[in-house]
Amino acid sequence: MREYALAGQSTIYLAMNPDGTRADNINLGNIIHIFDSATPYEGDHDIACVKYLEEDVTNKRVRIDLGEESDCNSSCSLNHNYDADNDNNQGGNDPWDFSSGNSAGVCKNDNLFFIADTSDLGQPFSDGFVTFHISRDGFEGSNVVPYICNYL
């Protein structure tokens, strides 16, 4: 993100590349997730629809007006504060220097990741001798490891 965003705001600003090109692939109607180190993606972060989008090449930022996730035409406001890399013009106004130690992010929900379904994990390996070691944390898309057994 280009600037701090405070709870109650319905607009956020994303940084553009130094040459004025877009650094993101967000479009109108996309569902986006907004997060930072204090409000991580894995926690209770804001999810919204991109209701309005405008490029501001002069200020190297992209304005995004937020809509409700379920109804993009209805405005929504942030529930959390987000600390962007805003150095308050200390040494310039470069959103990519990260000298402030802060960084907020936005990603779109494009279903390019999958959560592991362990309900029929043995099916792909039914013709081999396999056991599965699934940790307690393995049901959220991690730590599912097939292990080939030597029973012969």
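This is a predicted model, so every value here is computed, not measured.

K.L.:
Requested: an account of the pairing of strand β1 (residues 11-15), with residues and values cited.
P.N.:
Buried residues dominate β1, accounting for 5 of its 5 residues. Because side chains alternate across β1, one face comprises the buried residues Thr 11, Tyr 13 and Ala 15, and the other comprises Ile 12 and Leu 14, equally buried. Bridge count between β1 and strand β4 (residues 61-67): 5 bridges; the pairing is antiparallel. Counterpart to Tyr 13 in the pairing with β4 is Arg 63.

K.L.:
For the pattern of salt bridges, give the residues involved together with the corresponding values.
P.N.:
Evaluation of the coordinates by the stated rule reveals 4 salt bridges. Put simply, Arg 22 and Asp 24 hold a salt bridge, and the shortest N to O gap is 2.5 Å. One continuous salt-bridge network, built from bridges that share partners, spans Arg 22, Asp 24 and Glu 55.

K.L.:
So what about the state of the cysteines? Which residues, and what values?
P.N.:
According to the stated counting rule, one finds 1 disulfide in the structure shown. A sulfur-sulfur distance of 2.0 Å marks the disulfide that ties Cys 49 to Cys 72. Across the S-S bond of Cys 49 and Cys 72 the torsion is about -90 degrees, and the bridge reads as left-handed. You can see Cys 49 sitting in strand β3 (residues 46-56) and its partner Cys 72 sitting in the loop between β4 and β5 (104-108), a full 23 residues away along the chain. Unpaired in terms of disulfides, Cys 76 finds its nearest cysteine sulfur in Cys 49, a separation of 8.6 Å.

Conventions and cut-offs
- Residues numbered from 1 in each chain as written.
- Predicted model: local features only at pLDDT ≥ 70, side-chain atom pairs only at ≥ 80, totals over all residues.
- Heavy atoms only, no water.
- Buried < 20%, exposed > 50% of the residue type's maximum accessible area, 1.4 Å probe, protein only.
- Helix = DSSP H or I, 4+ residues; strand = E, 2+ residues; numbered from the N terminus.
- Pairing = 2+ DSSP bridges.
- Salt bridge = Lys/Arg side-chain N within 4 Å of Asp/Glu carboxyl O.
- Disulfide = S-S within 2.5 Å.

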